[in-house]
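Letter by letter, the chains look like this.
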Amino acid sequence: MKRSAIVETDHLTKHYGTTVAVDELSFTINEGEIFGFLGPNGSGKTTTLLMLLGLTEPSRGSASVAGLNPTRDAIKVKRMVGYIPENIGFYDDMNGKENLQFIARLNNIPDPVSTSKIEEALERVGLKDEAEKKVAAFSRGMRQRLAIAELLIKEPRLAFLDEPTLGLDPEGTTLITDYIQSLSKDNHMTILLSSHDLTQVQRIADRIGIMIHGKMIAEGPLEKLAHEKLGVEDREISLDEVYMKYFQEVSE
Ligand SMILES: Nc1ncnc2c1ncn2[C@@H]1O[C@H](COP(=O)(O)OP(=O)(O)OP(=O)(O)O)[C@@H](O)[C@H]1O
Ligand SMILES: [Mg+2]
C-alpha cells in the first residue's frame, strides 16, 4: 500500500551569507512512518527542520507540512507539530510536572483533562517519582524523557526530533528510542528522527534519508539503499555499512 505524503519539500534552499546550508532539497515523509534523517555535522539537518517548522524562512523553494506552508502558516504548523530541539529548553526553576502543566496550557488543554494526561505521561516515561524535582536538577536522560512526556501531552500528528539521544548512555539511548517507536505505534505520530546513532535508527526507521552538503543523496527503506549501494538483497545489512558507502563516494 502506498502511503500519502505528509511532509514534502520542493527545491528547498537556505543560504546563510555565502554558506549554502540546504541546497535544492526535495524529499518526502509519508504519513505514519518513522523517517531516519541522517547526515554528518553541518550537513543541513537542523536547518531543514527549522524551515519545516516555520522557524526560519527558506531562501528559495518551498515545503508543505500536513498541507500547510510553514512560512505562511507558521503558527498552525507549530500547533500541529511536536518538536524536540537539539538543545531542549525547559523552565529550570519549575519541576517536571509544572513544566508539563505549562505545555498543556499552551496547547489549550483544560486542567481537569491535563492532570490525568500528565500522570499517565510521567508514568509512561518513568519519571513519576521525580516529577516534583526542579528541572535544573534533571540529568540529560531525565530531560529527554520529559521531552517525550511533552509529546504525549501535546499528541501532535507529527513529531520532529533533533538528535533526541545525543549524550545519553547506551541504556538511555535504547530507552528513548523505544519511546519514540511507541509514539509511532501507539500514538500514531509521524516521526522525523534526526540522529547520528545508526544502530538505533536502523532498529526503528521505516525509511532513511542521507543528507550531505545540504542535499539528500539517498532516500528510501534500508533494503533499497543497500541494494543500490552494495548490490545485496538477502544478507543481514547494517545501516552503518550502507551509510559509510554513500559517504565515501561523496567524499571521493
Ligand atoms: N544561524 C546560522 N548562521 C549561519 N550559519 C549557520 C546557521 N545555522 C547553521 N549554519 C550553517 O549551516 C550549515 C548547516 O548547519 P546545520 O546546523 O543545519 O547542520 P546539521 O546537519 O544539523 O549538523 P549537526 O549534525 O552538527 O547538528 C553549517 O555549515 C552551519 O555552519
Ligand atoms: Mg543539527
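Throughout what follows, the structure given in this document is the object of discussion. Predicted model, so just to flag it, every value in this text is computed and none were measured.

Remarks on the environment of A5
Step number 1: By secondary structure assignment, the location of A5 is in strand 1 (residues 5-16).
Step number 2: Residues A5 and Q200, spaced 195 residues apart in sequence, show a C-alpha to C-alpha distance of 24 Å.
Step number 3: Leave out the neighbours within four places in its chain, and A5 touches T28, I29 and N30.

Topic: the sheet that holds strand 4 (residues 34-38)
Step number 1: Reading across from one edge, 6-7-8-4-9-10 is the order of the six strands in this open sheet, with mixed pairing throughout. The open sheet has two edge strands, strand 6 (81-84) and strand 10 (215-220), and neither has a second partner. Strand-to-strand twist of the sheet, defined as the mean angle between neighbouring strand axes without regard to direction, takes the value 15°.
Step number 2: Here four bridges tie strand 4 to strand 9 (residues 207-212), and the two strands are oriented parallel to one another. Its bridge partner lying in strand 9, G36 is registered against I208.

Notes on the pairing of strand 10
Step number 1: Pairing geometry for strand 9 and strand 10, over five bridges, is antiparallel. Looking at strand 10, one finds that I208 is bridged to G220.
Step number 2: The turn joining strand 9 and strand 10, which pair antiparallel and follow one another in sequence, is formed by two residues; a positive phi near 50° is taken by H213.

A look at the site of ligand 1
Step number 1: Close to ligand 1 lie Y16, T19, A21, G39, N41, G42, S43, G44, K45, T46 and T47.
Step number 2: Of all the secondary-structure elements, those providing two or more residues to the shell around ligand 1 are strand 2 (19-25) and helix 1 (45-52).
Step number 3: When residues of the shell around ligand 1 are assigned to their parent elements, the largest contribution, three residues, is made by helix 1.
Step number 4: By residue class, the composition of the shell around ligand 1 is two nonpolar, eight polar and one charged.

Some words on the nonpolar core
Step number 1: A149, F160, I191 and L193 are the most contacted members of the largest nonpolar core, which has 65 residues in total.
Step number 2: By residue number, the principal contributor to this core is helix 5 (residues 140-154), which donates seven residues.
Step number 3: If we ignore the near neighbours within four places in the chain, the residues touching I191 are I34, F35, A159, L161, I180, L183 and S184.

Conventions and cut-offs
- Residues numbered from 1 in each chain as written.
- Chains lettered and ligands numbered in written order.
- Predicted model: local features only at pLDDT ≥ 70, side-chain atom pairs only at ≥ 80, totals over all residues.
- Helix = DSSP H or I, 4+ residues; strand = E, 2+ residues; numbered from the N terminus.
- Contact = placed C-beta atoms within 7 Å.
- Pairing = 2+ DSSP bridges.
- Axes fitted to C-alpha atoms, helices over the stretch in contact; angles between N-to-C directions.
- Near = placed C-beta within 6 Å.
- Nonpolar A, V, L, I, M, F, W, Y, C, P; charged D, E, K, R; others polar.
- Core = buried A, V, L, I, M, F, W, Y, C linked by C-beta atoms within 7 Å.
- Buried ≥ 20, exposed ≤ 12 C-beta atoms within 10 Å, placed from the backbone.

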